[in-house]
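Reading the structure
The residues making up each chain are set out below.
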Amino acid sequence: MAQNRRGGNLVFFGVIAVIGIGFVAALVSTWMKSDDWKPGRVTTEASGGGELHPVTIRQPDIQPLVATGELDAHGKPVMVACATCHDNRDPNYQANSGSALEEFHQGLKYDHGNQTCLSCHNSEDYNTLKQADGRAIALNESMTLCSQCHALQHRDYQNGMHGGMTGYWDLTRGGRTRNTCIDCHDPHHPKFPTVTPVFPPKPVIGENPATHDTPSSHHENHE
Amino acid sequence: MSDSSSGGCGSGCGCKSSGESILNRRNLLKATGVTLGAAAFAKALSPLANWTREETSVEQFLQNHYRELDEDGLKQVLARLEEDAHKNYGAKVTIGDHRPQKGVKFGYALNLSICIGCRRCAEACHHENNHDRASGNSYIRVLEMQKGSMDMEHGNAHYDHPVPHPDKFYMPVQCQQCDNPPCVDVCPVEATWKEDDGIVVVDYDWCIGCRYCEAACPYHARRFNWTKPEIPKEEINPNQSYLSNRIRPQGVMEKCTFCLHRTREGQMPACLEACPTGARIFGNLLDPKSEIRKVLDTKRVYVLKEELGTKPNFFYFFD
Amino acid sequence: MSSNSITSEEEPPHHDAKFHATSYLQFLKLAFKLCTEGSWLFYAWMIVLTAISLVGVHAWAVQVEQGMVVTAMNDHVSWGLYIANFTFLVGLAAGGVMMVIPAYIYHDRDMHDTVIIGELLAIASIVMCLLFVVVDLGRPDRFWHLMPFVGKFNWPVSMLTWDVIVLNGYLLLNLHICGYLLYKRFLGETPERKWYVPFVFISIAWAISIHTVTAFLYCGLGGRPFWNTALLAPRFLTSAFVAGPAFIVVVLQLIRRLTKFKVGEGSIRTLTGIMRITILINLIMMASEIFTAFYTGGAHAVSSQYLYFGHDGRNALVPWIWTSAAFMVIGAVLLLRPKVHEHLWTLDIACVLVFIGVWIEKGMGLIIPGFIPSTLHEWVEYVPSATEWKVTAGIWAGGLMIYTLLLKVAIPVFTKKVSGTRNG
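Source: prediction; values computed, not measured.

**Some remarks on the overall build of chain C**
The helix and strand inventory of chain C stands at 14 helices and zero strands. Put simply, chain C runs from its N terminus to its C terminus through helices and strands in the order α-α-α-α-α-α-α-α-α-α-α-α-α-α. Rg of the C-alpha trace for chain C: 22 Å, near the compact-globule value of 22 Å for 424 residues, within the 12% margin. Once the C-alpha set of chain C is aligned to its principal axes, its extents read approximately 70 × 50 × 45 Å. Put simply, chain C has 424 residues, and 52% of those count as buried.

Right under this line is the structure:
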């Protein structure tokens, strides 16, 4: 009788123990399984170190021409070469704004530090630009001209961290096109212009963007 | 013994012994009630039946986890998904399976001195990644921040005045592709994981839509498909990838993948190409000559919410 | 009641499997019968509950078809009323343990007779919990991904997998305990201790675990400062031990009025005593959370600030939380009156007040402010949509239906009104 009961108890606790161990084993096995971090199927081989595709810097497409403000018979603006006028006029070394100049340059917006026009334009040959040491440089080599002063930006540019680009980060697989200075910066007023933002987030229910600050509202009061 | 007791359910409960006719009034009433109830439940569930018929299939129901699929299985899945895109959206798309490249780990940096807050990156993301048009979804949220404060408390995503405003700076936030991603830890079904090149991806066909990852992410980087995405046929980007920008099903999570369908082909992400000021720098963190490494070497970069220990691979800097 | 006395006085009858096969079927048959028989009040109650749950079922079906856009949740507030109710109901399920401890550990006689009411409540609450999780899923058709071995179970990293384990485990434990006790009573036999007492003790620890794990779901998220507090799990437990006993006290009184089941005064007295302590601890913890948040200020206080006082005209949660606070304080004062159990109406009111108070505190007052402001500090408010209310009401109705039916079976069996034995 007592033997029997002891046997029964053994069976009972045996069953409980088996269930318990089974439970823990099951959990641990899911753990082991999930710990198997095969992070995806095959990883592709590194692309061969073969030849690098070219990095193209966009060439400024600038003609030494200026708009006269008049239209021709086809409705196109009439352009004149710089030399048309500047061949026989004395350079004005002081001029540093459009309004100080005559004729076509009146409307020119100018905001580029303390430079005068002839800091960069070459009074010897208006079809070229002038470096700080007086040497002439082609109109489309503006990057060389700019980097005389903006060396930090130029260094960053050379390191690939200034200026927009499109194409491939991996030059072994494709080329890249990079902006040049004047793609983004108008040389006469280089600060990036103010733009209207696109693509505002659509408010969801419960969101009230009207109470958000616009530059004129309360957050401005911090000043 | 059991026979004798079968009908004997005492007095209290009011039930009669089964010795009497089963077809008494009460039982008939009960049967009617149960039938009506069942019918009403069936009727109430009819939208579910509709949905099952139109939006699901046996193959889809039984589809295995992405990492468990063999080559043939994956091929079939991709073919089916392309067919579905054609059926549901009328668009001809190619869905690829872009794998990480050896020796590549992606990093992204953003120059906050240059960003003007035009939101072109968010817009490009919207189109590149086949986001729902109705909700105007995007993986990128651009915050207009108060100068002199790094506190997002002073941020605002809904600005609508010409930018940049002189008193503000602009901080686009998207998935930081953390090395220690809380979203991956919390997922109960391993529907999201970190790949070899650092990208945290979602298997849209495995996610159960519990949104725990959305609660866990400190960067608001995850989005849920609250409806079936709605995109006009002609606007669908046909260059798609299983883990990336294929049109997501309703009811699952999605997130920025650094455009892995482009970047794993060597291309730049769409948001970088769209940036008009060149504020974004992308590249391979494992290549010491890469642009992203130059940024890390020469700029004082920081990461968002560093104190949370998420170890982002997205870096911000001013210069 | 000890096993020794039983075995010495009367050897438990030996039944073979064949006996159990037939008599268990009869037990189920009887249960079915008990479930479908009753007074007009019972029918009316069940019909009302069925109607409400039908509305809920339909609302859920529409939600699955059209997407969760029909809820008021969004990418900023990504959990809402469903998870709020889930959290509360885990507590209600755990609260039943406050009857189990006096009954089985301290051998409280009155409690021993009524403990099944708490255990059945645990079953009904867990079923509701699981339903609330299911309706919160964007893809309920993929539920099988969450099953160990069949799907992919991200254990032990994901706290949600722990919750799946502990909730289902707790459900099984209580099903076993209640089922076993009822079946034995049905047979007219004394239950063998070894087949339920160990499980009862496991269930006590397990009850603590379900609520601790549920708290860990939230407090493990570093990106949500409002939840990221070590006090969350203890707070969950104390508030569970307020809400659970409160619900049971009311149920006990209803049972006393509607049936002939003898509910000992001792049960209610003990439960009231427990609530007196737990509600005070709960209030103290709440106060210390509030102090920490508001005295420190900064990022950790923003959500609390919003919760209690609103932010810039956004104050959707303010009425909720102050209702909760008022109910809890009034409830506490009423409960602390020395002779409250002699004034049953006062006790009932106190119980209802603290029950609602905890429901708000653990639900709308805990889950929602975790998301407001969002992780990028955007302000999006949340007010549950009609669909969410319908589904929620439907699940509560379903849960009450289950609880009613369970009681409907258990009470006659326990009062020996019915049984399947010779002496039945």
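Structure's up, so let's keep going.
**Structural notes on the overall build of chain B**
A tally of regular secondary structure across chain B gives eleven helices and twelve strands. Relative to the compact-globule value of 20 Å for 319 residues, chain B shows a C-alpha radius of gyration of 27 Å, a clear excess of over 25%. If one aligns the C-alpha atoms of chain B with their principal axes, the spans along those axes are about 95 × 45 × 40 Å. Here the contacts in chain B between residues at least 6 apart in sequence split such that 63% fall between residues at least 24 apart.

**Topic: the nonpolar core**
When a protein is soluble and globular, its nonpolar side chains tend to lie buried together. Counting residues in each nonpolar core, the largest one holds 221 residues, and the members touching the most others are L120 and V354 of chain C. With 16 residues, helix α6 (residues 109-136) of chain C is the single largest residue contributor to this core. Summarising the domain contributions, this core has at least three residues from each of domain 2 (58-96) and domain 3 (106-317) of chain B. Leaving out residues up to four positions away in the same chain, V354 of chain C has contacts with V242, A246, M275, I279, F327, M328 and G331 of chain C.

**Observations regarding the confidence of the model for chain B**
Residue and element names in this part refer to chain B. Mean pLDDT over chain B stands at 91; residues scoring 70 or higher make up 93%. Ranking the elements of chain B by mean pLDDT puts helix α1 (residues 2-5) last with 37 and strand β12 (residues 314-317) first with 98. Low pLDDT, under 50, characterises residues 1-19; the stretch is placed with 32 contacts to residues that sit more than four places away or in other chains.

**Here we look at the interface of chain A and chain B**
Contacts between chain A and chain B engage 44 residues on the former and 52 residues on the latter. The dominant element in the side of chain A that touches chain B, judged by the number of residues it contributes, is strand β6 (residues 165-167) of chain A, at three residues. Classifying every residue of the side of chain A that touches chain B by side-chain character gives 17 nonpolar, 20 polar and seven charged.

**Notes on the environment of A79 of chain B**
Mapped onto the elements of the fold, A79 of chain B is located in helix α5 (residues 71-89). When the C-alpha positions of A79 of chain B and G266 of chain B are compared, they lie 24 Å apart, and in sequence the two are 187 residues distant.

**Quick notes on the packing of α6 of chain C against helix α7 (residues 159-187) of chain C**
All names here are of chain C. It is the contact of α6 with α7, at a shortest axis distance of 9 Å, that shows an interaxial angle of 145°. Helix-helix and strand crossings are classified by hand; for α6 and α7 the assignment is left-handed. Contacts from I116, E119, L120, A122, I123, I126, C129 and L130 of α6 reach α7 at L167, Y170, L171, N174, L175, I177, C178 and L181. Among the residues forming the contact of α6 with α7, the class breakdown is 14 nonpolar, one polar and one charged.

**Considering the domain arrangement of chain B**
A common measure of how large an interface is: the accessible area buried when the components associate. All names here are of chain B. Assigned domains within chain B: domain 1 (22-55), domain 2 (58-96) and domain 3 (106-317). Spacing between the C-alpha centres of domain 2 and domain 3 amounts to 25 Å. Each partner contributes residues to the interface: domain 2 has 15 residues there, and domain 3 has 14 residues. Mapped onto the side of domain 2 that touches domain 3, the elements with two or more residues apiece are α5 and β1 (94-96).

**Some remarks on the interface of chain C and chain B**
At the junction of the two partners, chain C supplies 57 residues and chain B supplies 62 residues. Every element with two or more residues in the side of chain C that touches chain B is listed here: α2 (17-36), α3 (40-66) and α7 of chain C. Considering each element in turn, the side of chain C that touches chain B owes the most residues, nine residues, to α3 of chain C. Considering only residue class, the side of chain C that touches chain B consists of 21 nonpolar, 23 polar and 13 charged.

**Section: the packing of α2 of chain C against helix α14 (residues 386-414) of chain C**
Each packed pair of helices is defined by two parameters, the angle between the axes and the distance between the axes. Residue and element names in this part refer to chain C. Where α2 meets α14, the closest approach of the two axes is 9 Å, and the angle between their N-to-C directions is 115°. Considering the relative orientation of α2 and α14, their crossing is right-handed. Of α14, the residues touching α2 (which contributes A31, L34 and C35) are L405, K408, V409 and P412. The residue makeup of the contact of α2 with α14, split by class, is six nonpolar, no polar and one charged.

**Observations regarding the sheet that holds strand β1 (residues 55-57) of chain A**
Residue and element names in this part refer to chain A. Taken in spatial order, the three strands line up as β1-β7-β6 in an open sheet, and their pairing is mixed. The open sheet is flanked by β1 and β6, the only strands paired with a single partner. Across the sheet, the mean angle separating the axes of adjacent strands is 20° when strand polarity is ignored. Bridge count between β1 and strand β7 (residues 176-178): three bridges; the pairing is parallel. By the bridge assignment for β7, T56 is matched with T177.

**What about unusual backbone geometry?**
A cis amide bond links V163 of chain B to the next residue, P164 of chain B, at an omega of -5°. Tracing the chain through its elements places P164 of chain B in the loop between β3 (141-146) and β4 (168-173). W155 of chain C connects to P156 of chain C through a cis peptide bond whose omega is 5°. Here P156 of chain C lies in the loop between α6 and α7. The backbone of R211 of chain B shows a phi angle near 65°, a positive value even though the residue is not glycine.

**Looking at the pairing of strand β3 (residues 77-81) of chain A**
When strand β2 (residues 65-71) of chain A meets β3 of chain A, the two strands line up antiparallel, connected through four bridges. Looking across to β3 of chain A, one finds that A67 of chain A is bridged to M79 of chain A.

**Things to note about the pairing of β4 of chain B**
All names here are of chain B. Of all six residues that make up β4, six are buried, and the element is covered over most of its length. What you see with β4 is no split at all: K168, Y170 and P172 on one side and F169, M171 and V173 on the other are buried throughout. Bridging between β3 and β4 involves six bridges; their strand directions are antiparallel. Counterpart to M145 in the pairing with β4 is F169.

**Quick word on the sheet that holds β12 of chain B**
All names here are of chain B. Spatial ordering of the open sheet is given by β10-β2-β12-β11, a layout of four strands whose pairing is mixed. Strand pairing shows two members of the sheet lacking a second neighbour, β10 (280-284) and β11 (301-302), which therefore form its edges. Sheet analysis places strand β2 (residues 106-111) next to β12, joined by four bridges and oriented parallel. Of the residues in β12, the one forming a bridge with N111 is F317. Together, β2, β10, β11 and β12 form the strand contacts of helix α11 (residues 291-298), whose direction differs from that of β10 by roughly 110°.

**Quick look at the environment of N122 of chain A**
Residues and elements named next belong to chain A. With respect to the helices and strands, the residue N122 is situated in the loop between α3 (117-120) and β4 (128-130). C-alpha separation for the pair N122 and M161, spaced 39 residues apart in sequence, amounts to 31 Å. In this structure N122 touches T128, L129, K130 and A136, once residues within four positions along its chain are discounted.

Criteria and thresholds
Residues numbered from 1 in each chain as written. Chains lettered and ligands numbered in written order. Predicted model: local features only at pLDDT ≥ 70, side-chain atom pairs only at ≥ 80, totals over all residues. Helix = DSSP H or I, 4+ residues; strand = E, 2+ residues; numbered from the N terminus. Rg over C-alpha atoms; globule rule 2.2 N^0.38 Å. Buried ≥ 20, exposed ≤ 12 C-beta atoms within 10 Å, placed from the backbone. Contact = placed C-beta atoms within 7 Å. Core = buried A, V, L, I, M, F, W, Y, C linked by C-beta atoms within 7 Å. Domains from an automatic or database assignment. pLDDT = per-residue confidence, 0-100. Nonpolar A, V, L, I, M, F, W, Y, C, P; charged D, E, K, R; others polar. Axes fitted to C-alpha atoms, helices over the stretch in contact; angles between N-to-C directions. Left-handed = near helix turned anticlockwise from the far one by under 90°. Pairing = 2+ DSSP bridges.

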